[in-house]
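Chain and residue survey
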Amino acid sequence: SVRIRCCTAAGCASSGAEEIKDRLEQSIKDAGLDNTVEVCSVGCMKFCGRGPLVEIDIPGVLYQQVSGDQVEAIVDALKQNKAAESGATPLDREHPFFTLQQPIVLENSGKIDPERIEEYIAVGGYQNLYHVIHDMTPDEVVDEVTRSGLRGRGGGGYPTGLKWATVAKMPEGQKYVICNADEGDPGAFMDRSVLESDPHRIIEGMAIAAYAIGANHGYIYVRAEYPLAIKRLETAIKQAKRLGLMGSQIFDSPFDFKIDIRVGAGAFVCGEETALMQSIEGGRGNPRPRPPYPAQSGLWHSPTLINNVETFANIPAIVREGADWFASIGTEKSKGTKVFALTGKVRNTGLIEVPMGIPLREIVEKMGGGVPRGEVKAVQTGGPSGGCIPAHLFDTPVEYDSLIQLGTMMGSGGMIVMDTETSMVDVAQFYMEFCRGESCGKCIPCRAGTVQMYQMLTKILRGEATLIDLEQLERVCGMVKATSLCGLGQTAPNPVLSTLRYFREEYLELLKDSP
Ligand code: SF4
């Protein structure tokens, strides 16, 4: 039968996707096609800026910005087995936005119904878990992940296999697996989309990790602002339990594993792993000094493996295709692909998954289509911990180490494009306001430093600052970076430092005693 796939992930849902789906169902019924045409709900189809998106597999057309009054034209054209020639606009699937993508994490996104476990199983889901439990020892699984070269997708880029090996080597006993889904960077929605589009993938990735390290209990820590992701995760966990894929005796083996969801209350700092664990334990989400690292003493002092959503989403594919396959994608030190949320002043906004090492220019100019007005000025990566890359450096390959050399970082995958109308001092102030609000207040450099840096940036923007103030701002940045307790404070100055590095003249122009 023909399938009409309607994206009902948060992006399209916010522009009325559920109503479009209902109208399509009614229209298909009225046309007497309901025996041969199925209207189904799927996850993110990536071109989020053009939603609601509707895809019909025969004759292979993806409609953009579908409105209620276009439904009849779509169904009429379907009757004739062709795309609508008027009344609804198809997207060009040959556009670089699609052709430059290499989906691994997003391979099922927009294709399967995330609320039906049968569809995940039909595309090979849970077979990797079965294979691991029956054909591999835990050490072999850790070795496979290590050889793949996968690095943590939450921002730090720590080698995933090394982290797994550290927890696996801890003495037998209570161990935990945590999926960090507390995505909080402004402009980032990669993890949300994965959870809304393919939740079973995360469950399978976590279960494989649990088998590898010897854990029997997992938590998914997801922010309360993602209600659809939470709902789909709850449904997925229930379905997996019902089929015996969770709980005691998975696949008739002694291995057992259960997952609980913990909903975060909106504090950005709870994305920091020690704060996240405190929050799961029922305490206030405050970071604590490391060591001890969670791998040695984590949740309730037990060895704990924490990876983010995208990291776990890579695991089923690595098991299925093998470490060598994964390691053949990307660059020498950054293997595989990376999912980015491409947003800002760019023409084509949405979710992209590209091989590591792709030049930034290909993403911004080819996939993103550049900016509608003026010229591209910079791209911000890494959220409040990252920095701005100016347009003249766009030939830089996108990988962990090259971005750090530019004074920014990969981060979890937010990528915000700015045009020549954007004030970079404004950008720095925006991120500092964010960090000031999200500082947990536990240590003085971050608690007081973010307030001071915000005040100095405001003074500069008002034209009331002098060169001495600017030097003072740089000194405070250095102090906060060097002395803050956790990553939030240590990286909060980065947006200021990177804009000072590449756009210093914009700061100088605003000074009273501009040189
Ligand atoms: Fe809290 Fe900031 Fe200190 Fe981290 S650096 S512990 S967020 S005050």
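Quick notes on the rules
- Residues numbered from 1 in each chain as written.
- Predicted model: local features only at pLDDT ≥ 70, side-chain atom pairs only at ≥ 80, totals over all residues.
- Heavy atoms only, no water.
- Axes fitted to C-alpha atoms, helices over the stretch in contact; angles between N-to-C directions.
- Helix = DSSP H or I, 4+ residues; strand = E, 2+ residues; numbered from the N terminus.
- Parallel < 35°, antiparallel > 145°, perpendicular 65-115°, else oblique.
- Contact = heavy atoms within 4.5 Å.
- Nonpolar A, V, L, I, M, F, W, Y, C, P; charged D, E, K, R; others polar.
- Pairing = 2+ DSSP bridges.
- Phe/Tyr/Trp six-rings, centres within 6.5 Å; stacked < 30°, edge-to-face > 60°.
- Buried < 20%, exposed > 50% of the residue type's maximum accessible area, 1.4 Å probe, protein only.
- Near = heavy atom within 4 Å.
- 1 Å grid on protein atoms, 1.4 Å probe; cavity = no way out; pocket = protein on both sides within 12 Å on 5 of 7 lines; lining within 4 Å.
- Sits in = over half its atoms within 2 Å of the grid points.
- Points joined across faces, edges and corners; volume = space filled by probe spheres on them.
- Domains from an automatic or database assignment.
- Buried area = accessible area lost by both parts, 1.4 Å probe.
- Salt bridge = Lys/Arg side-chain N within 4 Å of Asp/Glu carboxyl O.

A separate point is the packing of helix 9 (residues 190-197) against helix 13 (residues 309-321). In a packed pair of helices, the relevant descriptors are the angle between the two axes and the axis-to-axis distance. In the contact formed by helix 9 and helix 13, the axes pass within 9 Å of each other and the chain directions differ by 45°. Relative to helix 13, the element helix 9 is oriented oblique. From helix 9, Asp191, Val194 and Leu195 reach across to helix 13, where they touch Val309, Glu310 and Ala313. In the contact of helix 9 with helix 13, the residues fall into 4 nonpolar, no polar and 2 charged.

Sheet architecture is open: 5 strands sit in the order 2-1-3-4-5, paired in mixed fashion. Taken across any chain shown, the strands that pair with only one partner, and hence form the sheet edges, are strand 2 (37-42) and strand 5 (89-90). With 6 bridges joining them, strand 1 (residues 2-7) and strand 2 adopt parallel strand pairing. When the sheet's bridge partners are listed, Arg3 is paired in strand 2 with Glu38.

Read from one edge of the open sheet, 4 strands run 8-7-6-9, paired in parallel fashion. A single partner strand is all that each edge strand has here, and the edge strands are strand 8 (258-264) and strand 9 (304-308). For this sheet, the mean inter-axis angle between neighbouring strands, taken without regard to orientation, is 20°. As paired elements, strand 6 (residues 176-181) and strand 9 share 5 bridges and run parallel to each other. Looking at strand 9, one finds that Val177 is bridged to Leu305.

A separate point is the packing of aromatic side chains. Inspection of the entire model under this criterion finds 13 aromatic pairs. When the ring of Tyr211 is compared with that of Phe255, the centres are 5.5 Å apart and the planes differ by 85°; the resulting orientation is edge-to-face. Note that Tyr211 is positioned in helix 10 (residues 199-213) and Phe255 in the loop between helix 11 (227-242) and strand 8, a separation of 44 residues in sequence. Accessibility expressed as a relative area gives 14% for Tyr211, which makes it buried.

We now examine the site of the ligand. Looking at the ligand, there are 13 residues lining it, with Cys440, Lys442, Cys443, Cys446 and Cys486 nearest. Among the detected pockets, the ligand sits in the largest cavity. Residues of the shell around the ligand, tallied by class, amount to 8 nonpolar, 4 polar and 1 charged.

Okay, the side chain of Ser498 next. If you trace the backbone, Ser498 turns up in helix 21 (residues 494-510). Sequence-distant contacts of Ser498, that is, excluding residues within four places in its chain, are made with Gly387, Cys388 and Gly407.

In the segment running from Gly51 into Pro52, the intervening peptide bond is cis, with an omega of -5°. Among the secondary structure elements, Pro52 is positioned in the loop between strand 2 and strand 3 (54-56). In the Ramachandran plot, Lys46 falls in the positive-phi region, its phi being about 85° despite a non-glycine side chain. Topologically, Lys46 is positioned in the loop between strand 2 and strand 3.

Next up on the list: empty space enclosed by the protein. All told, the structure shown has 2 cavities of 30 Å³ or more when counted by the stated rule. In this structure, the second largest cavity spans a volume of roughly 40 Å³. Lining the second largest cavity, in full, are Cys7, Ala9, Gly11, Cys12, Cys44, Cys48, Arg192 and Ser193. Of all the elements in the fold, those that place two or more residues in the lining of the second largest cavity are helix 1 (10-13) and helix 9. For the lining of the second largest cavity, the class distribution of residues is 5 nonpolar, 2 polar and 1 charged.

Here the focus is the domain arrangement of the protein chain. Here the protein chain is partitioned into domain 1 (2-93), domain 2 (117-327), domain 3 (337-419) and domain 4 (424-510). Residue-level contacts link 12 residues of domain 2 with 9 residues of domain 4. Buried surface at the junction of domain 2 and domain 4, both sides included, amounts to about 890 Å², of which 72% is carbon and sulfur. Ranking the residues of domain 2 by area buried against domain 4 places Pro186, Phe268 and Pro287 at the top, with a combined share of 52%. Where domain 2 meets domain 4, there are 0 salt bridges. Tallied by class, the residues present in the side of domain 2 that touches domain 4 amount to 6 nonpolar, 3 polar and 3 charged.

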